[in-house]
Amino acid sequence: MPLRLPASASLLALALAAATPALAQTPAALPAPIAEDGAVATGPRSDLHAQVLLDRAHFSPGQIDGLTGSNQKRAVAGFQAARGLKVTGELDDATWQALQPDSTPPLASYTLTAADVAGPFQPIPKKPAEQAKLKAMGFTSVGEALGERFHADPKLLQALNPGVDLAKAGSTIQVPNIAPAALPKAAKLVIDKSDSTLRLYDAQGKVYAQFPVSSGSQHDPLPIGEWKILGISRDPPFHYNPKLFWDAKAGDRKATLPPGPNNPVGPVWIDISKPHYGLHGTPEPGHVGKTESHGCVRMTNWDALQVADAVDASVPVVMQE
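This structure is a prediction, so every number in the text was calculated from the model and none was measured.

### Some details on the overall build of the protein
Along the backbone of the protein there are nine helices and 14 strands. For the protein, with 321 residues in total, the buried portion stands at 52%. Partitioning the contacts of the protein with sequence separation of at least 6, the portion at a separation of at least 24 is 67%. Surface summary for the protein: the accessible area is close to 14400 Å², and the carbon and sulfur share equals 54%.

### Some details on helix α2 (residues 47-56)
Counting buried positions over the 10 residues of α2 gives eight, a clear majority of the element. When we look at burial in α2, the residues that qualify are L48, H49, A50, Q51, V52, L53, L54 and D55. Packing partners of the buried residues in α2 comprise α3 (70-82), α4 (93-99), β1 (107-111), α8 (154-160) and β2 (172-176).

### Things to note about the side chain of E148
Within the secondary structure, E148 sits in helix α7 (residues 142-149). It turns out E148 is buried and unbridged, and the closest side chain with the opposite charge, R149, is 11 Å from it. At 2.7 Å, the side chain of E148 forms a polar contact with the side chain of N301.

### Regarding the sheet that holds strand β6 (residues 214-215)
Across the sheet, five strands lie side by side as β6-β13-β12-β11-β8; this open sheet has mixed pairing. Since the sheet does not close on itself, it has two edges, and those belong to β6 and β8 (229-234), each with one partner. Packing against the sheet, helix α9 (residues 301-310) makes contact with β8, β11 (268-272) and β12 (278-280), and its axis sits at approximately 50 degrees to β11.

### Brief notes about empty space enclosed by the protein
Under the counting rule described, the total for this entry stands at two cavities of 30 Å³ or more. One number sums up the size of the largest cavity: a volume of about 80 Å³. Along the wall of the largest cavity there are 11 residues; nearest its centre are D55, H58, H151, D303 and Q306. Residues belonging to the lining of the largest cavity are distributed by class as follows: five nonpolar, four polar and two charged.

### Notes on the packing of aromatic side chains
Applying the stated criterion across every chain, the model contains two aromatic pairs. Ring centres of F59 and F79 lie 5.8 Å apart, and the angle between their planes is 85 degrees; this geometry places the pair in the edge-to-face category. Of this pair, F59 sits in the loop between α2 and α3 while F79 sits in helix α3, placing them 20 residues apart in sequence. F59 sits in the buried class, given a relative accessible area of 0%. Aromatic pair Y110 and F150: ring centres 5.2 Å apart, planes at 65 degrees, arrangement edge-to-face. One end of the pair, Y110, is in strand β1; the other, F150, is in the loop between α7 and α8, and 40 residues separate them in sequence. Each member of the pair Y110 and F150 is classed as buried. Between K188 and the ring centre of Y201, over which it is positioned, the NZ or CZ distance is 5.0 Å.

### Quick notes on the pairing of strand β14 (residues 317-320)
For strand β3 (residues 188-192) and β14, the ladder comprises four bridges, and the chain directions are parallel. Counterpart to L189 in the pairing with β14 is V317. Direction of pairing for strand β7 (residues 225-227) relative to β14: antiparallel, over a ladder of three bridges. Looking across to β14, one finds that W227 is bridged to V317.

### So, the pattern of salt bridges
Throughout the structure, instances matching the rule amount to eight salt bridges. Close ionic contact of D116 with R149 constitutes a salt bridge, the shortest N to O distance being 2.4 Å. In this pair, D116 is assigned in helix α5 (residues 114-118) and R149 in helix α7, connecting sequence segments 33 residues apart. With relative accessibility at 11%, the residue D116 sits in the buried group. Via salt bridges that share partners, D192, D195 and R199 belong to a single interconnected network.

### A closer look at unusual backbone geometry
In this chain, G119 is followed by P120 through a cis amide linkage whose omega measures 5 degrees. Among the secondary structure elements, P120 is positioned in the loop between α5 and α6 (128-131). Phi angles above zero are rare outside glycine, and S196 is one such case at about 55 degrees. Even without being a glycine, H276 presents a positive backbone phi close to 75 degrees. Relative to the helices and strands, H276 resides in the loop between β11 and β12. Judged by relative accessible area, which is 24%, H276 ranks as partly exposed.

### Comments concerning the nonpolar core
Membership of the largest hydrophobic core comes to 39 residues, with the highest contact counts inside it found for L189, I191, L198, L200, L279, V311 and M319. The element contributing the most residues to this core is α9, with five residues. When sequence neighbours within four positions are dropped, the list of residues in contact with L189 reads L198, R199, L200, L279, V307, V311, V315, P316, V317 and V318. Counting 19 residues, the second-largest nonpolar core is a separate cluster that includes L48, V52, V142 and L146.

The rules behind these values
- Residues numbered from 1 in each chain as written.
- Predicted model: local features only at pLDDT ≥ 70, side-chain atom pairs only at ≥ 80, totals over all residues.
- Heavy atoms only, no water.
- Helix = DSSP H or I, 4+ residues; strand = E, 2+ residues; numbered from the N terminus.
- Buried < 20%, exposed > 50% of the residue type's maximum accessible area, 1.4 Å probe, protein only.
- Contact = heavy atoms within 4.5 Å.
- Areas by Shrake-Rupley, 256 points an atom, 1.4 Å probe, with all protein chains shown as cover.
- Lys, Arg positive; Asp, Glu negative; His and termini not counted.
- Salt bridge = Lys/Arg side-chain N within 4 Å of Asp/Glu carboxyl O.
- Polar contact = N/O pair within 3.5 Å; in protein donor to acceptor, adjacent residues only side chain to side chain.
- Pairing = 2+ DSSP bridges.
- Axes fitted to C-alpha atoms, helices over the stretch in contact; angles between N-to-C directions.
- 1 Å grid on protein atoms, 1.4 Å probe; cavity = no way out; pocket = protein on both sides within 12 Å on 5 of 7 lines; lining within 4 Å.
- Points joined across faces, edges and corners; volume = space filled by probe spheres on them.
- Nonpolar A, V, L, I, M, F, W, Y, C, P; charged D, E, K, R; others polar.
- Phe/Tyr/Trp six-rings, centres within 6.5 Å; stacked < 30°, edge-to-face > 60°.
- Lys NZ or Arg CZ within 6 Å of the ring centre and 35° of its normal.
- Core = buried A, V, L, I, M, F, W, Y, C linked by side-chain atoms within 4.5 Å.

So far we have only geometry, and geometry alone does not tell us how the molecule works.
Here you go:
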């Protein structure tokens, strides 16, 4: 998605969070895992179990929803390739054994705090001119905020917790048993249009992390080639210019949209040397890897933050078909 950042944003000093992931909303540790029956399959070797394990292994399935889908298959295939397994995209015995050496359960319990439910939560208007009037483009509901925190579809959280008031502090809920951790610094970043993925490589040329992405469209194709990272902007405003959007509405004018997780680029913008292009988050994590973008590379907010922590100006960005 094209974005014009102020000159100062492109000159930001890039600092790596070597020990602490940039997931301020993620709890430092989860309580003891629990098992629970429900409408969503949560047992060993379920799709939910696989997605949790893939997320923990840094082969992201995108938004965890407990359903077999294209992002899960990409994550499985990437994990298999990285571990030297037969690449099928299917969860065979060898893949399960490689994913779960420590028998990690898929769910954990979490007790909602007053801060979790405090908000403010408010709807986001559709028109840029109205969005520009907001102080921040924050979460619209507790469910959306919890989904972001636990890398989950809010509908999954509702299904896992029938009858539980997610807006009440003190409620104990079931959540995906994720364990966010900072990634080592990458030696190279590759976006592959053919399978809608972003991969991080170490100095030995091995893939150690993979994320689903939306990258380009017929109107705004992915800029194939090698690019440089110019800067990283945290919680950036979004400078909307209808001239840069083929699908802009008649009458739209330039507008500066405030920061927030529902900002068009989410909580982070990784600026590259191709003008108006970058790597960033999104207000619609469920669409990542399944819809087109305005040329840029769009990830879930939590994946974008992890990538931002693993790169700096020395890391080349390769975009290939």
